[in-house]
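# Observations on chain architecture
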Amino acid sequence: MGIKIKSMKYEDFGDNESLELLNTLGDRVFMTTVDNLINWGRSNSVWPLTFATSCCGIEMMAAGASRHDFSRFGIEVYRASPRQADVIVVAGTIVNKMVPVLKRLYDQMPEPKYVIAMGACAVSGGPFFYNTYSVVRGVDHVIPVDVYIPGCPPRPEALLYGVMQLQRKIKGESFLKPGENANSIL
Amino acid sequence: MTEEIIKDVIIGESEDYIINVGPQHPSTHGVLRFEVCLQGETVKYLIPHIGYIHRGIEKMCEAITYPQIIHLTDRMDYLSAHINNEAVCLCVENALQVEVPERVKYIRTILAELNRLASHQLWWSAFGMDLGALTTFFYGLRDREKILDIFEESFGSRLLHSFVMPGGLMHDVHPNFQKGIKEFIKYFRKKLPEYDQLLTGNVIFHQRAKGIGLMSKETAIAYGVTGPSGRGSGWSCDIRKIAPYSAYDKVQFNECLETEGDTFARYQVRMREMHESLSILEQLVDNIPEGDYTAKMKPIIKLPAGEFFQRVETARGELAVYIVSDGNKSPYRIKFRTPNFSNLFVMNTITSGYKIADLVAVSGSLDLVIPDIDR
């Protein structure tokens with residue numbers, strides 16, 4: 001039967017030799033850092049906010065639908081309220097009248113929060129860069145952006161790739177020492 | 001006395017209660033804001049606030065050339081992008097009096113109908129989801145991807161394909177074009193009855209949709225509500241019938257009319273239009289004539305001085321393009337009469353007196369695309 005975890009003394013948990021003994025005896029134990037565990041959870045359940053201003057929103061819907069199944073990456077739960085969302089996918093043009101609304105939505109989201117700029121309009125103004133008086137030339141003038149996805153509109157595959165890049169970024173974060181790279185601790 | 005106190009103070013029925021729906025709200029399909037005045041649960045009046053996606057397209061068009069305008073038009077009503085392109089192209093061709101080849105007319109009509117189908121499929125998916133039926137979303141978008149495959153093969157883009165140019169098309173279609181459409185028609189003929197089984201006969205759906213948002217024929221005409229929303233009130237306003245363009249004079253199709261004028265009637269019009277679009281496609285797909293894909297055009301397009309007007313039927317109603325030219329390579333002034341702008345402002349009339357929950361059903365049945373309103 002081997003040693004049961006319940007019968008182990010509390011102090012022995014800090015001892016690697018005891019853990020190795022446990023492993024060899026057949027109990028399933030593995031070791032990791034807190035950062036890795038938290039990042040594994042966070043990166044695989046990124047819930048987006050339903051925030052679509054124009055055409056890119058249709059491709060975002062297509063990414064969530066039958067063929068390009070969003071939920072394989074754990075981000076299928078579209079939230080209507082910013083208080084329940086982790087990531088805001090800015091899909092479409094942002095104009096001057098929309099800026100206060102976008103800023104407020106971003107401020108209402110709980111930490112940790114991420115921003116994906118989807119499409120040429122959100123990246124830089126796109127087709128509305130020149131000759132217009134109302135378009136914000138890139139959403140990074142308003143809120144900090146983590147991942148940029150080019151295209152007009154980007155394909156659903158591009159959005160999926162952008163989400164994977166965001167997951168990579170989340171996996172590099174450190175929970176215990178904010179601002180440091182988690183992988184440098186290992 | 002006590003009853004009055006209960007009514008006044010506790011329920012607050014005598015007071016007006018104003019709530020904002022939007023700009024970020026899933027049921028508005030974009031960034032639209034409704035200022036709704038409620039009395040209890042009943043909508044007293046409703047003010048739509050627009051401009052949250054105003055990009056100044058009409059002003060931008062004054063600084064760019066006519067072929068460049070094409071690329072801005074499909075960012076207005078992105079769900080019927082092709083039809084928007086066609087409207088500007090037809091207007092420019094009328095002004096220059098260019099005769100486009102027959103092949104171009106046929107292909108344009110086929111693309112317009114495919115686009116209308118894709119738009120109605122997406123509307124059906126979103127409308128079901130507005131009323132709480134999530135399954136419609138997956139059914140509708142599954143079939144929509146088949147149309148996008150045909151688009152992608154020929155134009156290299158899924159949603160916004162600025163494929164129509166003044167004088168014709170940008171390039172010829174893919175050799176598999178006809179085969180792909182025939183396969184799609186066969187596929188979708190089988191899938192369309194599924195839509196009816198899933199939603200049309202549903203009792204809950206009937207209760208949410210029947211008798212809600214009544215719009216009389218007079219109201220539709222007064223507000224200029226065109227497209228399937230206007231035809232649901234019995235107003236015969238199909239531009240394809242009244243002023244045929246491209247190859248619409250060569251095909252047989254019925255204008256779908258319903259007389260009830262409620263949310264369910266507008267739903268029925270769109271469902272029947274999908275059948276009609278399929279039959280138009282069937283009539284055209286085998287008869288595409290051989291020939292050039294574009295007429296001979298000058299490299300720099302200059303319109304003669306004057307005023308030019310063209311209207312087409314998009315998936316949401318009548319889109320009119322009005323160009324004032326002073327003889328230069330860019331227009332002096334361009335005006336788009338977009339269908340959604342007129343369709344939106346009837347909301348106050350047709351939702352007043354109904355419950356707040358019906359607001360979602362009514363706005364879903366009008367099928368609003370917000371960048372088309374603000375331009």
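This write-up is about the structure you can find in this document. (Residues numbered from 1 in each chain as written. Chains lettered and ligands numbered in written order. Predicted model: local features only at pLDDT ≥ 70, side-chain atom pairs only at ≥ 80, totals over all residues. Heavy atoms only, no water.)

### Examining the overall build of chain A
Counting its secondary structure elements, chain A contains seven helices and four strands. The order of helices and strands in chain A, counted from the N terminus, is α-α-β-α-β-α-β-α-β-α-α. Counting every position in chain A, which comprises 186 residues, the buried fraction comes to 44%. Of the contacts formed within chain A by residues at least 6 apart in sequence, a portion of 71% connects residues at least 24 apart. Of the roughly 9,900 Å² of accessible surface on chain A, 57% is carried by carbon and sulfur atoms. (Helix = DSSP H or I, 4+ residues; strand = E, 2+ residues; numbered from the N terminus. Buried < 20%, exposed > 50% of the residue type's maximum accessible area, 1.4 Å probe, protein only. Contact = heavy atoms within 4.5 Å. Areas by Shrake-Rupley, 256 points an atom, 1.4 Å probe, with all protein chains shown as cover.)

### What to know about the environment of Leu-32 of chain B
All names here are of chain B. As for its placement among the helices and strands, Leu-32 is situated in the loop between β3 (30–31) and β4 (33–39). Judged by relative accessible area, which is 1%, Leu-32 ranks as buried. The sequence separation of Leu-32 and His-49 amounts to 17 residues, and the corresponding C-alpha distance is 6.6 Å. Non-local contacts of Leu-32, meaning those with residues more than four positions away in its chain, are made with Val-21, Gly-22, Pro-23, His-49, Ile-50, Leu-344, Leu-368 and Ile-370.

### Some remarks on the pairing of strand β3 (residues 114–118) of chain A
Regular strands place their side chains on alternate faces of the sheet. Residue and element names in this part refer to chain A. Counting buried positions along β3 yields five of five residues, so the element is predominantly enclosed. Neither face of β3 is open: one carries Tyr-114, Ile-116 and Met-118, the other Val-115 and Ala-117, and all of them are buried. Pairing geometry for strand β2 (residues 87–91) and β3, over five bridges, is parallel. Residue pairing for β3: Ile-88 is matched across the bridge by Val-115. Crossover connection from β2 via helix α4 (residues 99–108) to parallel β3: handedness right-handed. (Pairing = 2+ DSSP bridges. Right-handed = clockwise from strand over helix to strand, strands pointing away.)

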